[in-house]
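# Topology and contacts: notes
Spelled out, the chains give:
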Amino acid sequence: MYQYDEYDQRLVDERVAQFRDQTRRYLAGELSEDEYRPLRLQNGLYIQRHAPMLRVAVPYGLLSSAQLRKLAHIARTYDRGYGHFTTRQNIQFNWPALKNVPEILAELATVEMHAIQTSGNCIRNITSDPFAGVAGDESIDPRPWAEVLRQWSTFHPEFAFLPRKFKIAVNGAEHDRAVIQAHDIGLDLVRNETGETGFRVLVGGGLGRTPIIGEEIATFVPWRHILTYCEAILRVYNRFGRRDNMYKARIKILVKSMGPAAFAEQVEAEWAHLKDGPSTLTEAEVARVAAHFVDPNYEDLPAEDVGYKALLRENKAFAAWAKRNVRAHKRPGYAIVTLSTKHKDVAPGDATAEQMDHVADWADRYSFGELRVTHEQNLVLADVKQSDLFSLWAEARDAGLASPNIGLLTDIIACPGGDFCNLANAKSIPIANAIQARFDDLDYLHDIGDIEINISGCMNACGHHHVGHIGVLGVDKNGAEWYQVSLGGRQGNDTALGKVIGPSFSAEDMPDVVERIIETYIDERFEDERFIDTVSRLGIAPFKARVYAEREPQRKVANG
Amino acid sequence: MAKLIRNRRVEDDVYTIVTLSEGDAPETVSLPAGPALVPLAIWKSRHDELPEGSGVWLAGDEDPADIADNLTALPVIGVNFPKFADGRGYSIATLLRSRYGYTGELRAIGDVLRDQFNYLSRCGFDALQPAEGRYSEAQLEAAIASFDDFAEPYQASVAVSNPLFRRAQRAA
């Protein structure tokens, strides 16, 4: 992974000093609340329901074991012993004291970490494929490009005060695992007919209050020009994006109101002045960054480990885990392992300091000292030998990180919701836990198969409910918490927004509602047909009919 | 007298910043006797009447292309920040310096805070004028340190014309 040099390190150290002074001036009354707010937000610091919340950047989801141990230490020393991995591939701490934040940032800087631009109206953490570099369907490794973009966007002086937040995702594989169609800029690495690397550029996607799928504005921007092209997009947005209404301030609104073709023309006109300028990338720079992402020292192994195969036959629980949580690796004899944070007793994405220490140890022993955070809020050990899978599984099971449920109904994405977040209209975590508790039969879960449930506590959509096969949105009606259900959303290559099935439900009805939806699927599915494909084939009508018609008389449904 | 920071030094300012209140017409509003920074509408309609040394200030939604042909006649251009979190002025300054080649004084006015000095100066502002009364003279002096919050930025800007990957030999 990328290692800081003296320049990277100096920048994060200077940030610590800057923020320490800003916090000192705020506490001394020299900076007003309104003045301090954007400054702290650009440092990932929110003032939340119970305490400040600090969001630490995990660039494109990559972490070293040393970094994870530091996060465990911070959870233990400055927080309540746990952290929360987010859909932005970052980690949040829910209970730090404001006065300690400069010290936490100083500790993070010792392991090449920071909280820069994890919030605020600036270019946020660049996200990417959690299986980058190891997936078999990858054509171009997105990590060096994500790092080049990270450096370009860090403290960019022109774009620190945009109309709204700005999110960029990069994909380099056949299957898009970075949800690029739901980002302000989605970058798809491609090769042209001469074999040159470049980017297909999507713009104006995003979830939130007004969910929109991104539009392609360029089929091929050669790699040398990607920074100047992004600069042109950002400049058009910074100048012409709406600032009168924060709900209409995202670039998607500008693209929609201008039309993608007209927007693309504006970008081209701006780009004409920037193209071939100093920010044009050089081969030397790309090679320098790419050198940080070369393959580790893989052993030459047979494609299938004999011992692993035998254990799969002998141990049903291990086989169930391997089936869901282990993926094929591009190298023979290796595997990609997803450690599940999803369990009916914990919030999706939460990990304790002890669990983080365990994962760091496994990363060192089994996966070249690295791991990844997924936008589904799980952790990935990307380079595990098949022969190590059984011992890793046994240890992960003891640590509560081996739920065999990746991609299954209980692998729920959920934002922190009303338990933690000031913005939320409703709770998310108890809904996720109640659904997980209802579907606790493993055989049934595996029989239901691939399905994604995404829960957001408000329409800011941190739980990405629009793109969940089943989407759950917490809404407030006259001071009470209700839940609106949508079906048919999906992420990936065919990203689609779900359709709301009807009036919202009370919290206690949500497990029943999901159960009715699943029963409808079981009744209607063709053999081997995935849930989302059944929904696509039939539409929402049969699901809606079952959910509302079969409701018990006492079930509460809110109008509208 | 109002204070500003010009080329990293606290100085007295002789300019009057003219704003149009509701009901004021650019054609009839009274102008000061000394040098003034006036809104684009006044500058367009009355620049022959303006006192010697006067300049124009742009609002966030105004296009620097509108004054691109007159830059040599302008000793100073202001860019107004109605709120410090309104970042349009950074792009306006970048365009004035890099696209249109403006070399006179470029002054940030309005809601200007020391926490933006580093970014503002990198986008080409050489004069920064926080709202009157926002900082004491001692605080303004102390604020000069903020220019150097970051010594070696990654990206190119008006003040640093090459990105780090062209300025420095970075080890792989």
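- The name that an unreviewed UniProt entry assigns to chain B is Oxidoreductase, with the source organism given as Pseudazoarcus pumilus.

- The name given to chain A in an unreviewed UniProt entry is Sulfite reductase, with Pseudazoarcus pumilus as the source organism.

### A short note on the overall build of chain B
- The secondary structure content of chain B amounts to five helices and eight strands.
- Counted from the first residue to the last, chain B has its helices and strands arranged as β-β-β-β-α-β-β-α-β-α-β-α-α.
- Taking 16 Å as the expected radius of gyration for a compact globule of 172 residues, we find that chain B reaches 17 Å, a close match to that expectation.
- Structurally, chain B occupies a C-alpha span of about 65 × 40 × 25 Å along its principal axes.
- For chain B, the proportion of its 172 residues judged to be buried stands at 55%.
- Intrachain contacts of chain B at a sequence separation of at least 6 include 46% that bridge at least 24 residues.
- Surface exposure of chain B reaches about 7500 Å², of which carbon and sulfur atoms provide 46%.

### Quick word on the side chain of A:Arg143
- Structurally, A:Arg143 can be placed in helix H5 (residues 143-153).
- When neighbours within four sequence positions are excluded, A:Arg143 is seen to be in contact with A:Tyr60, A:Leu62, A:Ala132, A:Gly133, A:Phe293 and A:Arg372.

### What about the packing of helix H3 (residues 65-78) of chain A against helix H4 (residues 101-109) of chain A?
Residue and element names in this part refer to chain A.
- Between H3 and H4, the shortest axis-to-axis distance is 10 Å and the interhelical angle comes to 160 degrees. Judged by the angle between their axes, H3 and H4 are roughly antiparallel. Crossing handedness for the pair H3 and H4: right-handed. Every residue of H4 that contacts H3 at Lys70, Leu71, His73, Ile74 and Tyr78 is listed here: Glu103, Ile104, Glu107 and Leu108.
- Partitioning the contact of H3 with H4 into residue classes produces five nonpolar, one polar and three charged.

### Some points on the interface of chain A and chain B
- Every contact between the two is made by 47 residues of chain A and, on the other side, 40 residues of chain B.
- Note on chain A versus chain B: buried area summed over both sides is about 3900 Å², and carbon and sulfur give 55% of it.
- On inspection of chain A and its partner chain B, the count reaches eight salt bridges.
- B:Arg99 is paired through a salt bridge with A:Glu270; the nearest N and O atoms lie 2.5 Å apart.
- When residues of the side of chain A that touches chain B are traced back to their parent elements, those giving at least two are helix H1 (6-27), helix H2 (33-41), H5, helix H6 (226-240), helix H8 (260-274) and helix H9 (283-290) of chain A.
- Counting residues per element, the side of chain A that touches chain B draws most heavily on H1(A), which supplies ten residues.
- Taken together, the residues that form the side of chain A that touches chain B break down as 16 nonpolar, 13 polar and 18 charged.

### Focus: the pattern of salt bridges
- Under the criterion given, the structure shown has 63 salt bridges over all chains.
- A:Arg20 is the salt-bridge partner of A:Glu103, the closest N and O atoms lying 3.2 Å from each other. Placement of the pair is A:Glu103 in helix H4 and A:Arg20 in helix H1, with a sequence separation of 83 residues.
- Residues A:Lys344 and A:Asp345 are paired through a salt bridge, measuring 3.8 Å at the closest nitrogen-oxygen approach.
- Here A:Lys344 falls in the partly exposed class, since its relative accessible area comes to 38%.
- Look at A:Asp345 and you get exposed, because its relative accessible area is 56%.
- Where salt bridges share partners, they join A:Asp21, A:Arg24, A:Arg25, A:Glu30, B:Arg114 and B:Asp115 into one cluster.

### With respect to the UniProt feature "domain: Nitrite/sulphite reductase 4Fe-4S" (unreviewed entry) in chain A
- The UniProt record annotates "domain: Nitrite/sulphite reductase 4Fe-4S" (unreviewed entry) at residues 119-273 and 412-552 of chain A.
- The distance separating the terminal C-alpha atoms of residues 119-273 of chain A is 30 Å; by composition the span is 31% helix and 18% strand.

### Regarding the domain arrangement of chain A
Residues and elements named next belong to chain A.
- Domain assignment breaks chain A into domain 1 (6-110), domain 2 (142-291), domain 3 (309-399) and domain 4 (413-548).
- The C-alpha centroid of domain 4 is placed 33 Å from the C-alpha centroid of domain 1.
- Across the contact, ten residues belong to domain 1 and eleven residues belong to domain 4.
- The contact between domain 1 and domain 4 buries some 850 Å² in all, and 46% of this surface belongs to carbon and sulfur atoms.
- There are zero salt bridges connecting domain 1 and domain 4.
- The tally of links from domain 1 across to domain 4 stands at two residue pairs in polar contact (both at pLDDT 80 or more).

### A look at the sheet that holds strand S9 (residues 197-203) of chain A
All names here are of chain A.
- Taking strand neighbours across the sheet as the criterion, the five strands line up as S6-S7-S8-S9-S10 in an open arrangement whose pairing is mixed. In this open sheet, the two strands that pair with only one neighbour each are strand S6 (127-128) and strand S10 (215-222).
- Taken strand by strand, H6 contacts strand S8 (185-191), S9 and S10, and its axis lies near 150 degrees from that of S10.

### Description of the sheet that holds strand S1 (residues 45-47) of chain A
Residue and element names in this part refer to chain A.
- The strand order S1-S2-S5-S4-S13 describes an open sheet built from five strands, whose pairing is antiparallel. On the outer flanks of this sheet lie S1 and strand S13 (350-352), each paired with one strand and no other. Sheet twist, expressed as the average angle between the axes of neighbouring strands with direction ignored, equals 30 degrees.
- Alignment of strand S4 (residues 82-85) against strand S5 (residues 91-93), held across two bridges, turns out to be antiparallel. Paired with His84 across the two strands is Gln92, which belongs to S5.

### Some details on the packing of aromatic side chains
- All chains considered together, the criterion is met by 26 aromatic pairs over all chains.
- The interplanar angle of 70 degrees and the centroid separation of 5.9 Å between the aromatic rings of A:Phe531 and A:Phe543 together place this pair among those described as edge-to-face. With A:Phe531 in helix H17 (residues 531-538) and A:Phe543 in helix H18 (residues 541-549), this residue pair connects regions lying twelve residues apart in the sequence.
- One aromatic cluster in this structure is built from A:Phe161, B:Phe81, B:Phe84, B:Tyr90 and B:Phe125.
- The ring of A:Trp95 is capped by A:Arg80, whose NZ or CZ atom sits 3.6 Å from the centre of that ring.
- Note that B:Arg134 overlies the ring of B:Tyr135, its terminal NZ or CZ placed 4.6 Å from the centroid.

### Considering the environment of A:Tyr247
Residue and element names in this part refer to chain A.
- Looking at where Tyr247 falls in the secondary structure, it is placed in the loop between H6 and helix H7 (251-258).
- The class of Tyr247 is partly exposed, set by a relative accessible area of 43%.
- Separated by 39 residues in the primary sequence, Tyr247 and Gly208 place their C-alpha atoms 9.1 Å from one another.

### Let's talk about unusual backbone geometry
All names here are of chain A.
- Positive phi, close to 60 degrees, is recorded for Glu112, a residue that is not glycine.
- Within the fold, Glu112 resides in the loop between H4 and S6.
- A positive phi angle, near 55 degrees, is found at Phe368, a position not held by glycine.
- As for its position among the elements, Phe368 is in the loop between helix H12 (353-366) and strand S14 (370-373).

### Considering the side chain of A:Asp141
Residues and elements named next belong to chain A.
- Looking at the element boundaries, Asp141 is found in the loop between S6 and H5.
- The buried category is assigned to Asp141, whose relative accessible area is 18%.
- Only 2.7 Å separates the side chain of Asp141 from the side chain of Arg143, close enough to count as a polar contact.
- Excluding its chain neighbours within four sequence positions, the residues that come into contact with Asp141 are Ala132, Gly133, Leu189 and Phe293.

Rules used throughout
- Residues numbered from 1 in each chain as written.
- Chains lettered and ligands numbered in written order.
- Predicted model: local features only at pLDDT ≥ 70, side-chain atom pairs only at ≥ 80, totals over all residues.
- Heavy atoms only, no water.
- Helix = DSSP H or I, 4+ residues; strand = E, 2+ residues; numbered from the N terminus.
- Rg over C-alpha atoms; globule rule 2.2 N^0.38 Å.
- Buried < 20%, exposed > 50% of the residue type's maximum accessible area, 1.4 Å probe, protein only.
- Contact = heavy atoms within 4.5 Å.
- Areas by Shrake-Rupley, 256 points an atom, 1.4 Å probe, with all protein chains shown as cover.
- Axes fitted to C-alpha atoms, helices over the stretch in contact; angles between N-to-C directions.
- Parallel < 35°, antiparallel > 145°, perpendicular 65-115°, else oblique.
- Left-handed = near helix turned anticlockwise from the far one by under 90°.
- Nonpolar A, V, L, I, M, F, W, Y, C, P; charged D, E, K, R; others polar.
- Buried area = accessible area lost by both parts, 1.4 Å probe.
- Salt bridge = Lys/Arg side-chain N within 4 Å of Asp/Glu carboxyl O.
- UniProt positions renumbered as here; feature names shortened; annotations may be inferred.
- Domains from an automatic or database assignment.
- Polar contact = N/O pair within 3.5 Å; in protein donor to acceptor, adjacent residues only side chain to side chain.
- Pairing = 2+ DSSP bridges.
- Phe/Tyr/Trp six-rings, centres within 6.5 Å; stacked < 30°, edge-to-face > 60°.
- Lys NZ or Arg CZ within 6 Å of the ring centre and 35° of its normal.

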